[in-house]
Amino acid sequence: MNAAPEDQLRLLDVQELDSTLDRLEHRRAMLPELAEIEALSARNESLADDIVRAETEDSDLGREQAKVDADVEQVRSRMQRDQQRLDGGQVGSPKELENLQSEIESLHRRQTELEDAELEVMEQRESIQNRLDLLRKELTGVEASLAAAAQRRDAAFEEIAAETEKAMAQRQETAASIAEDLLALYTKLRASSGGVGAAALHRGACQGCHLQLNTTDVNRLRDAPADEVLRCEECRRILVRTAESGL
Ligand SMILES: [Zn+2]
């Protein structure tokens, strides 16, 4: 293939711009904020689940507490009524008196049991509510970190987009005047050679594979016409001669 030496040199500029665009794309995909946001989102989700579970537990305990309270109240008023009957001297027979006293005793025991249960529910609730406070505090922190990371990500995206736009415009302008067949070969090689389709020959070394050419190859390249499109014998990339090629 033949191409004007200026086209070949311009191809090196296109290569540089394409490499810049590749780097920008890689930077965008590997932005540390993306991994950070993913981890924070997962934590956020798991905290929200924990909070819902703790809130459910708390409201279950609230209902249990209300039920024990009502039971305590019931036992208390029953005891009061019994005591009034006892104090009022309305009880006739000794048998009836004995029954009443025994009932009051059993109500006392029941009251103690219920009060213990009430205390236990209150302690459980307190521990759940402490846990809820901690979870909500952590959630607030995670949400703030998420917002900050999203802001940093968006700023980086914006910067990358601006640089990409600039490089793309330059690439289009530089590539516009290069012969189509040379550009097509470059595009094919670039796709199959890790993003580098054209490399400069620098002091006798291919800048694509960084191998030093042997004397025979150097001699052959020296004699080649300026408009011949050269290829590296090692990596097959387009080899472009420059003032620093060492030929
Ligand atoms: Zn090479």
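Residues numbered from 1 in each chain as written. Predicted model: local features only at pLDDT ≥ 70, side-chain atom pairs only at ≥ 80, totals over all residues. Heavy atoms only, no water.

## Regarding the overall build of the protein chain
Part 1: Check the secondary structure of the protein chain and you find five helices and four strands.
Part 2: Reading the protein chain from its N end, one meets helices and strands in the order α-α-α-α-β-β-α-β-β.
Part 3: For a compact globule of 247 residues, the expected C-alpha radius of gyration is about 18 Å, and the protein chain comes in at 42 Å, more than 25% above that figure.
Part 4: On the principal axes, the C-alpha backbone points of the protein chain span a range of 135 × 35 × 25 Å. (Helix = DSSP H or I, 4+ residues; strand = E, 2+ residues; numbered from the N terminus. Rg over C-alpha atoms; globule rule 2.2 N^0.38 Å.)

## Considering the nonpolar core
Part 1: Residues Leu11, Ile178, Leu182, Leu183, Tyr186, Val229 and Ile238 are the most contacted members of the largest nonpolar core, which totals 16 residues.
Part 2: Broken down by secondary-structure element, the contributors of at least two residues to this core are α1 (5–29), α4 (180–192), β1 (198–202) and β4 (238–241).
Part 3: Ranked by the residues each element gives to this core, the list is headed by α4, at five residues.
Part 4: Beyond its immediate chain neighbours, meaning those up to four positions away, isoleucine 238 contacts Leu11, Leu182, Leu185, Tyr186, Leu189, Gly197, Ala198, Ala199, Val229, Leu230 and Arg231.
Part 5: Listed in part, the 15 residues of the second largest apolar core include Val121, Ile128, Leu135 and Leu146. (Core = buried A, V, L, I, M, F, W, Y, C linked by side-chain atoms within 4.5 Å. Buried < 20%, exposed > 50% of the residue type's maximum accessible area, 1.4 Å probe, protein only. Contact = heavy atoms within 4.5 Å.)

## Points about the packing of aromatic side chains
Part 1: With the rule as written, the count across this model stands at zero aromatic pairs.
Part 2: When the ring centre of phenylalanine 157 is taken as origin, the NZ or CZ atom of arginine 28, which lies over that ring, is 3.7 Å away. (Phe/Tyr/Trp six-rings, centres within 6.5 Å; stacked < 30°, edge-to-face > 60°. Lys NZ or Arg CZ within 6 Å of the ring centre and 35° of its normal.)

## A short note on the packing of α1 against helix α3 (residues 94–176)
Part 1: It is at 9 Å that the axes of α1 and α3 come closest, and there the two elements cross at 160°. In terms of orientation, α1 and α3 fall into the roughly antiparallel class. Crossing angle aside, the handedness with which α1 passes α3 is left-handed. Contact residues: α1 offers Arg10, Asp13, Val14, Leu17, Asp18, Thr20, Leu21, Leu24, Arg27 and Arg28, while α3 offers Phe157, Glu159, Ile160, Glu163, Thr164, Ala167, Met168, Gln170, Arg171, Thr174 and Ala175. (Axes fitted to C-alpha atoms, helices over the stretch in contact; angles between N-to-C directions. Parallel < 35°, antiparallel > 145°, perpendicular 65-115°, else oblique. Left-handed = near helix turned anticlockwise from the far one by under 90°.)

## Here's the deal with the sheet that holds β1
Part 1: Across the sheet, which stays open at both edges, the four strands sit in the order β2-β1-β4-β3 with mixed pairing between neighbours. Lying at the two open borders of the sheet, with one neighbouring strand each, are β2 (205–206) and β3 (230–231).
Part 2: With four bridges connecting them, β1 and β4 associate as parallel partners. Within β4, the residue paired with leucine 201 across the bridge is arginine 241.
Part 3: Docked against the sheet, α4 engages β1, β3 and β4, running at close to 125° with respect to β4. (Pairing = 2+ DSSP bridges.)

## Section: the coordination of the zinc ion
Part 1: Of the protein atoms, only Cys206 (SG), Cys209 (SG), Cys232 (SG) and Cys235 (SG) coordinate the zinc ion, at distances of 2.2 to 2.4 Å.
Part 2: Counting the intervening residues between successive donors of the zinc ion yields the motif C-x2-C-x22-C-x2-C. Taken together, the residues span a long stretch of sequence, with cysteine 209 in the loop between β2 and α5 (215–223) and cysteine 232 in the loop between β3 and β4 at a distance of 23 residues.
Part 3: A relative accessible area of 25% places cysteine 209 in the partly exposed class.
Part 4: Owing to a relative accessible area of 1%, cysteine 232 belongs among the buried residues under this scheme. (Donors = N, O, S within 2.8 Å, 3.2 Å for Na, K, Ca; no water.)

## Some points on α4
Part 1: The end-to-end C-alpha distance of α4, which contains 13 residues, comes to 19 Å, matching closely the 18 Å that a straight helix rising 1.5 Å per residue would cover.
Part 2: Looking at α4, one finds that the buried residues are Leu182, Leu183, Leu185, Tyr186, Leu189 and Arg190. Axial view of α4: buried residues confined to an arc of 160°, hence all on one face. Exposed side chains of α4 directed beyond 90 degrees from the buried face belong to Glu180, Lys188, Ala191 and Ser192. (Expected span 1.5 Å × (residues − 1). Arc of directions from axis to C-beta.)

## Notes on the confidence of the model for the protein chain
Note: predicted coordinates in regions of low pLDDT should not be interpreted at a detailed level.
Part 1: Of the residues in the protein chain, 100% reach a pLDDT of 70 or more, and the chain-wide mean stands at 96.
Part 2: Confidence, expressed as mean pLDDT per element, reaches its minimum in the protein chain at α5 with 92 and its maximum at α1 with 98. (pLDDT = per-residue confidence, 0-100.)

## Things to note about the pairing of β1
Part 1: In terms of burial, β1 is largely enclosed, as four of its five residues are buried.
Part 2: Pairing of β1 with β2, which is carried by two bridges, proceeds in the antiparallel orientation. Residue pairing for β2: histidine 202 is matched across the bridge by alanine 205.
Part 3: Hairpin connection between β1 and β2: a loop of two residues separates the two successive antiparallel strands, and arginine 203 in this loop has a positive phi of roughly 50°.

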